[in-house]
2 protein chains.
Amino acid sequence: MTDRLIGLFEQSDGKFLSGEQLSEELGVSRTAVWKQIERLRQQGYRFEAVSRKGYRLLSKPDRLDMSRLQLKLETERFGRYVKYYDQVESTQIVAARCVADGAEEGTLILTEEQTAGKGRMGRKWHSPVGKGIWMSLVLKPVWIPLLFTPQLTLLVAVALCRAIRGATGVEAGIKWPNDLLVGGKKVAGILLESSAEDERLQHVIAGVGISVNLQSDDFPPELWDTATSLAIEAGRQVDRIEVLSRFLLEWEQLYGLYRREGFAPIKLLWEALTVSLHRNIRCRTPQGEFEGFAEGIDEHGALQLRLADGTVKKLYSADISFG
Amino acid sequence: MTDRLIGLFEQSDGKFLSGEQLSEELGVSRTAVWKQIERLRQQGYRFEAVSRKGYRLLSKPDRLDMSRLQLKLETERFGRYVKYYDQVESTQIVAARCVADGAEEGTLILTEEQTAGKGRMGRKWHSPVGKGIWMSLVLKPVWIPLLFTPQLTLLVAVALCRAIRGATGVEAGIKWPNDLLVGGKKVAGILLESSAEDERLQHVIAGVGISVNLQSDDFPPELWDTATSLAIEAGRQVDRIEVLSRFLLEWEQLYGLYRREGFAPIKLLWEALTVSLHRNIRCRTPQGEFEGFAEGIDEHGALQLRLADGTVKKLYSADISFG
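By the naming in an unreviewed UniProt entry, chain A is Bifunctional ligase/repressor BirA, taken from Paenibacillus elgii. Its UniProt record gives chain A a comment under Function (unreviewed entry), which states: "Acts both as a biotin--[acetyl-CoA-carboxylase] ligase and a repressor." As recorded by UniProt, the Catalytic activity (unreviewed entry) comment attached to chain A reads in full: "biotin + L-lysyl-[protein] + ATP = N(6)-biotinyl-L-lysyl-[protein] + AMP + diphosphate + H(+)".

Explain the overall build of chain A to me, please; I cannot follow it from the model alone.
Helix and strand counts for chain A come out as nine helices and 16 strands. When each of the 323 residues of chain A is scored for burial, the buried share is 54%. Sequence-distant contacts in chain A: of pairs separated by 6 or more residues, those separated by 24 or more amount to 61%. With an accessible surface of roughly 14,700 Å², chain A has 46% of that area assigned to carbon and sulfur atoms. Computed over 42 positive and 43 negative side-chain charges, the separation of the two mean positions in chain A equals 3 Å.

Sorry if this is basic, but what is going on with the UniProt feature "DNA-binding region" (unreviewed entry) in chain A here?
Residues given the UniProt feature "DNA-binding region" (unreviewed entry) here are residues 19-38 of chain A. Helix and strand shares over residues 19-38 of chain A are 85% and 0% respectively, and the end C-alpha atoms of the span are 13 Å apart.

Help me understand the UniProt feature "domain: BPL/LPL catalytic" (unreviewed entry) in chain A in this model?
Feature annotation in UniProt places "domain: BPL/LPL catalytic" (unreviewed entry) on residues 82-259 of chain A, given in this structure's numbering. The straight-line gap between the two end C-alpha atoms of residues 82-259 of chain A is 24 Å; of that span, 31% is helix and 29% is strand.

Which parts of the structure should I look at to understand the interface of chain A and chain B?
Counting from both sides, the interface comprises 30 residues of chain A and, opposite them, 30 residues of chain B. Regarding the contact of chain A and chain B, the summed buried area is about 2,400 Å², with carbon and sulfur atoms giving 52% of it. By the criterion of area lost to chain B, the three top residues of chain A are A:Asp198, A:Glu199 and A:Tyr316, representing 27% of everything that side buries. Taken together, chain A and chain B are joined by eight residue pairs in polar contact (both at pLDDT 80 or more). Listing elements by their share of the side of chain A that touches chain B, those giving two or more residues are helix 6 (149-168) and strand 10 (185-197) of chain A. The element that contributes the greatest number of residues to the side of chain A that touches chain B is strand 10 of chain A, accounting for eight residues. Residues belonging to the side of chain A that touches chain B are distributed by class as follows: 14 nonpolar, ten polar and six charged. Across five bridges, the pairing between strand 10 of chain A and strand 10 (residues 185-197) of chain B is antiparallel.

Rules of the game
Residues numbered from 1 in each chain as written. Chains lettered and ligands numbered in written order. Predicted model: local features only at pLDDT ≥ 70, side-chain atom pairs only at ≥ 80, totals over all residues. Heavy atoms only, no water. UniProt positions renumbered as here; feature names shortened; annotations may be inferred. Helix = DSSP H or I, 4+ residues; strand = E, 2+ residues; numbered from the N terminus. Buried < 20%, exposed > 50% of the residue type's maximum accessible area, 1.4 Å probe, protein only. Contact = heavy atoms within 4.5 Å. Areas by Shrake-Rupley, 256 points an atom, 1.4 Å probe, with all protein chains shown as cover. Lys, Arg positive; Asp, Glu negative; His and termini not counted. Charge placed at Lys NZ, Arg CZ, Asp CG, Glu CD. Buried area = accessible area lost by both parts, 1.4 Å probe. Polar contact = N/O pair within 3.5 Å; in protein donor to acceptor, adjacent residues only side chain to side chain. Nonpolar A, V, L, I, M, F, W, Y, C, P; charged D, E, K, R; others polar. Pairing = 2+ DSSP bridges.

Shown next, in the form of structure tokens:
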């Protein structure tokens with residue numbers, strides 16, 4: 001019935017179709033029509049409903065076109081093998097299963113929607129259908145000692161920041177350790193899950209969520225003050241494939257640079273793109289709250305915070321806010 | 001049939017029983033008897049076979065007595081919940097499954113035999129039945145930043161070294177990063193598999209193999225020059241429960257000390273018990289071979305190697321040998 005309903009709206013060419021009309025054409029009750037339209041709305045179809053006139057199809061969901069992605073991709077390995085889903089619980093969970101089954105470095109898990117997207121510290125990541133880039137990439141950086149793993153988070157943030165700026169012109173900045181902000185609001189997040197054998201990394205599953213085409217009403221009210229999207233900031237619909245393919249290219253290139261040259265060039269780029277340094281910040285950590293001046297990051301990716309008493313505290317993990 | 005066969009040997013009180021006698025008593029062929037005896041040998045029973053006289057039971061396999069372990073244990077959490085097996089592929093694999101099912105910190109996986117015990121870098125760990133302590137302990141040190149994970153390996157080595165010395169008098173020493181040696185030969189090994197979310201550890205599965213009561217002929221020939229056991233070094237059978245319960249107590253106490261005081265006291269203990277420092281060593285690493293003078297370990301557990309040109313190289317992972 002869904003396909004026939006969509007067909008009717010497509011043939012109607014933007015005109016209103018009444019519930020009665022639809023129920024007759026499809027041979028089902030008006031309640032059944034209404035339920036079906038609600039379901040399509042959840043899948044990203046947008047309808048206008050006007051009493052006595054009925055429903056009008058405004059737009060169909062944007063779907064990621066996998067063959068277009070492969071045509072646009074300029075990478076060697078990143079994203080060359082893609083597992084693409086309409087809906088998953090979390091791409092991190094799917095990726096972990098792929099790794100257990102022997103997935104190679106660069107394997108990309110991509111979905112239109114996550115029902116339980118993972119954020120940091122057990123938080124949820126809001127991932128509505130068709131509006132974002134909800135993805136996980138499999139890395140096998142067995143050449144990185146375990147203790148340098150946080151450097152990888154910074155590397156991914158640099159790649160993503162450059163891709164967003166390049167693809168949309170939106171001036172995103174990096175908030176330590178792993179968010180991207182525009183005008184103080186979060187537009188993307190990064191979550192690395194890593195596993196190691198002694199001091200050697202085995203694999204890293206890099207989860208990235210980018211709020212691309214969400215409008216204000218796509219966010220739950222509690223996020224209105226703190227979240228935004230590329231479309232809101234750019235003032236136009238953004239091509240997800242363009243952002244994704246640029247991101248994978250930037251990422252692969254920086255990953256190669258990091259392998260050859262170490263963290264030094266990544267650190268320079270990160271410092272150039274961050275909004276977290278050289279200002280007063282407040283840090284919530286498992287050990288308590290600290291306020292101070294963010295002086296820099298060290299070679300391990302730890303934030304160096306100068307406290308009021310002049311001492312410098314190294315933070316490995318925190319939620320920061322700007323004072 | 002197995003139980004009846006063992007019963008006959010137990011009743012014979014150390015006397016020889018001929019194959020003919022056994023086959024009559026059990027009502028099976030002499031080949032079946034012979035096969036059964038071979039199977040028992042694999043399970044750790046030792047027989048003397050003399051032609052025309054038959055078989056004599058020399059010793060039954062030593063089995064870990066779980067109720068005795070609980071009586072001897074002085075820990076609060078470590079080893080208070082035990083999963084005990086006759087045979088597993090690897091206790092690390094079993095422990096990973098337990099963690100996925102929500103196992104708590106201190107959960108102990110213990111087996112009489114591993115068919116594919118895991119060593120470092122994909123190597124196998126020789127784990128014959130009834131002769132060793134083949135175990136994995138579940139830790140959830142979510143309070144340790146990821147980059148301090150190598151400190152945990154050093155902590156486990158200190159606990160194990162102290163337990164061995166205390167329980168057996170054997171003067172074991174720690175070889176960086178995670179072996180225990182006696183007279184230059186390996187007597188135990190440690191393998192930590194950790195998983196993290198960003199810079200925060202989620203759980204660590206600490207695998208430990210201790211060669212307790214292996215005799216020379218229990219080792220494959222290729223290990224004769226490099227491996228030994230506590231029994232060989234002590235010149236007597238060693239009580240596995242005694243070693244295990246001491247180890248868990250030392251470990252839990254050091255883990256508490258580490259949580260309260262940080263790495264400094266662990267580092268002092270490690271330096272007192274190691275055989276790897278203040279001598280010339282050769283290091284094989286993924287980046288190549290290095291020779292130099294082992295000056296110390298740093299706060300992250302990295303080995304500081306002074307090279308011939310006077311520079312100091314930090315090693316995070318290596319196979320070392322003594323020059």
